[in-house]
Amino acid sequence: MIETNRGCPFKCKFCVQGTEFYNKISHFDLERLRAEIEYIARTNHERCPEMGTLRIADPNFGMYSRDVDISETIGHMQKRYGWPTFIDATTGKNKPERIIECLEKVNGALVLYQAVQSLDDEVLRNIDRSNIKLEAYQKIMVHVRGRGLRSNSDLILGLPGESKASHLRGLYQLIDAGTDQAHCFQAMVLKGSDLETLEVRERYKFLTRFRVLPKNYGIYAGEKVFDIEEIIVGSDTLPFDDYVECRKHHLTFSVFWNDSWFRDVVAFAAELDIKPSTWLQAMLDAMEAQKTGPVRELLDGFVGETVGELFETRDGCEAFYAHPDNFERLGRAEIGDNLMYKYRAKASFFTWHDICALALDTTRRMALAAGAAERYADFEQLWQDFHAYVECKHAAGTSVDEVLRPVSATLHFDIPRWIADDFPRETGAYRCAKPRVMNFRLSEAGSRELVSAFRVWSSELTGLTKLVTRIRVTSQIRSAEFVAAPEQESATVA
């Protein structure tokens, strides 16, 4: 983790740095930063080359011209030492061209992070925040996608004046604008922020609860110590039940959208005039329609932990986790972990085949309702191949060997070429003369990054919860090519 400057020019009321004390910006010396970055890269290469992540702690990285120089230095370190492979940073919101230049300097390891927090005008007025206009945001997304880069955004649930309707409207606007990834946070009552004051609490009738911060605990000088946060779970515009409903949408967003596992599926749906937001809502409806099975267990487990992690008082939260049995469970990440990342890790590695089946089966029903069977010849066979292709491209499994192992599928259509040509309705040109085996394997770089990540974080759920936020999306995607001999493949998916 590095910091290149301190302070923030914005006055957002939910943030400690929105106070006047932080409004003056102080920059660390550029030569010092270059030396620090090179020292970290060299030392990392020599002592722990598996660690590929760099976190930049600036509140608005990429907003200043010198940030381009810093990014260029990082790019040189990537070429010289192979580090970093992934950069986590919050980019500024009013210099998009400069941010894009920073992204290009670091070879795509950084994503465009245009945090909006809310897209509701009243909420933005309540927190003294101004956002980049949605139209401008959409233009930036086009530019980013055209250069093969990824975009990221933030929303905060529980801000003053935010309702379930306004929050979800903002979430789905981001999706339809083309945002690749968004983090949906809960509003924290930070010490020193405007939201902490008694006046604001009473004005908006905040309902707050306490929870332990994930992995922020330990035994120090013989005493159990916990970092506990206070969050807003209700207000005069957001009943607690609506808070829980919004969290279910967040889980759906995290699993079915954030890492682009179903990018090709969403693109096909768009060919049938099914908006991404409509598609994503259908995923939550399908999960809730499940009576039993791994996907239903995933949803119920998340909801149960979402409610169960909340305590009415700080002392009650601390006493619960200090109990010997609960402290051991905390250490095993059975309780008190980051729920969004925990359940995304479960979906990505442990229940992928069930998640994929739900997504593809639900999309098939939507496609048929939109007339796909009439538009595409031999639709059912085409869809069966498409399903197998999407499922095999994502590297999943309950062990490291299973994740890294190649798989294969027997296809009747050249699905990759059909996708690359934007899903033509005339499918005859893509039908194979006879069924062919397609092999799916991780790239050398992807396999290397995953192996390194497993060594650092482990393949246990507690490690995967951290791993999913510290690898590039592309590292878990298998490449696909037709092969001549299916019997030579190590595993086959029908």
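What counts, and where the lines are drawn
Residues numbered from 1 in each chain as written. Predicted model: local features only at pLDDT ≥ 70, side-chain atom pairs only at ≥ 80, totals over all residues. Heavy atoms only, no water. pLDDT = per-residue confidence, 0-100. Contact = heavy atoms within 4.5 Å. Phe/Tyr/Trp six-rings, centres within 6.5 Å; stacked < 30°, edge-to-face > 60°. Helix = DSSP H or I, 4+ residues; strand = E, 2+ residues; numbered from the N terminus. Buried < 20%, exposed > 50% of the residue type's maximum accessible area, 1.4 Å probe, protein only. Core = buried A, V, L, I, M, F, W, Y, C linked by side-chain atoms within 4.5 Å. Polar contact = N/O pair within 3.5 Å; in protein donor to acceptor, adjacent residues only side chain to side chain. Expected span 1.5 Å × (residues − 1). Arc of directions from axis to C-beta. Axes fitted to C-alpha atoms, helices over the stretch in contact; angles between N-to-C directions. Parallel < 35°, antiparallel > 145°, perpendicular 65-115°, else oblique. Nonpolar A, V, L, I, M, F, W, Y, C, P; charged D, E, K, R; others polar. Pairing = 2+ DSSP bridges.

A. Main features of the confidence of the model for the protein. Here the protein averages 91 in pLDDT, and 94% of its residues register 70 or above. Scored below 50 in pLDDT, residues 486-492 makes 11 contacts in the model with residues more than four places away or belonging to other chains.

B. Broad picture of the packing of aromatic side chains. Under the counting rule described, the total for this entry stands at 27 aromatic pairs. The interplanar angle of 85° and the centroid separation of 5.8 Å between the aromatic rings of Tyr217 and Phe327 together place this pair among those described as edge-to-face. Here Tyr217, found in strand β8 (residues 207-220), pairs with Phe327, found in helix α13 (residues 324-331); they are 110 residues apart in sequence, far enough to count as distant. Since its relative accessible area comes to 14%, Phe327 is described here as buried. Look at Phe386 and Trp418: their rings are 5.8 Å apart centre to centre, the planes differ by 85°, and that puts the pair in the edge-to-face class. Of the two residues, Phe386 sits in helix α17 (residues 379-393) while Trp418 sits in helix α19 (residues 415-420), which places them 32 residues apart along the sequence.

C. Just the nonpolar core, in detail. Residues Phe256, Phe262, Phe268, Trp279, Phe386 and Trp418 are the most contacted members of the largest nonpolar core, which totals 88 residues. Not counting chain neighbours up to four residues away, the residues in contact with Trp279 comprise Phe256, Phe262, Val265, Val266, Ala269, Ile274, Ala359, Thr363 and Met366. Ranked by size, the runner-up nonpolar core spans 22 residues in total, among them Leu30, Ile87, Ile99 and Leu110.

D. Spatial organisation of the side chain of Glu449. As for its placement among the helices and strands, Glu449 is situated in helix α20 (residues 444-457). The residues touching Glu449, leaving out its near neighbours within four places in the chain, are Thr85, Arg470, Ile471, Arg472 and Ser475.

E. Geometry of the side chain of Asp414. By secondary structure assignment, the location of Asp414 is in the loop between β10 (407-413) and α19. Assessed through its relative accessible area of 17%, Asp414 is described here as buried. Here the side chain of Asp414 touches Arg417 through a polar contact of 3.2 Å, side chain to side chain. Sequence-distant contacts of Asp414, that is, excluding residues within four places in its chain, are made with Tyr430, Cys432 and Phe482.

F. Seen up close, helix α11 (residues 294-308). Taking 1.5 Å of rise per residue, 15 residues should cover 21 Å, and α11 covers 20 Å from first to last C-alpha, within 8% of that figure. For α11, the full list of buried residues reads Val295, Leu298, Leu299, Phe302, Glu305 and Thr306. Seen along its axis, α11 keeps its buried residues to an arc of 140°; they face one direction. Buried residues along α11 sit against α8 (240-256), α10 (276-289), α14 (339-350) and α15 (352-369).

G. Just the packing of helix α6 (residues 164-177) against α8, in detail. Between α6 and α8, whose axes approach to 10 Å, the crossing angle comes to 10°. With respect to each other, α6 and α8 are oriented roughly parallel. Of the residues in α8, those touching α6 at Lys164, His167, Leu168, Leu171, Tyr172 and Ile175 are Asp242, Glu245, Cys246, His249, His250 and Phe253. Tallied by class, residues from the contact of α6 with α8 come to six nonpolar, three polar and three charged.

H. Main features of the pairing of β10. Across the seven residues that make up β10, a large majority, five, are buried. Where β10 lies against strand β11 (residues 431-442), six bridges are found, and the strand directions are antiparallel. Within the sheet, the bridge partner assigned to Val407 lies in β11 and is Phe440.

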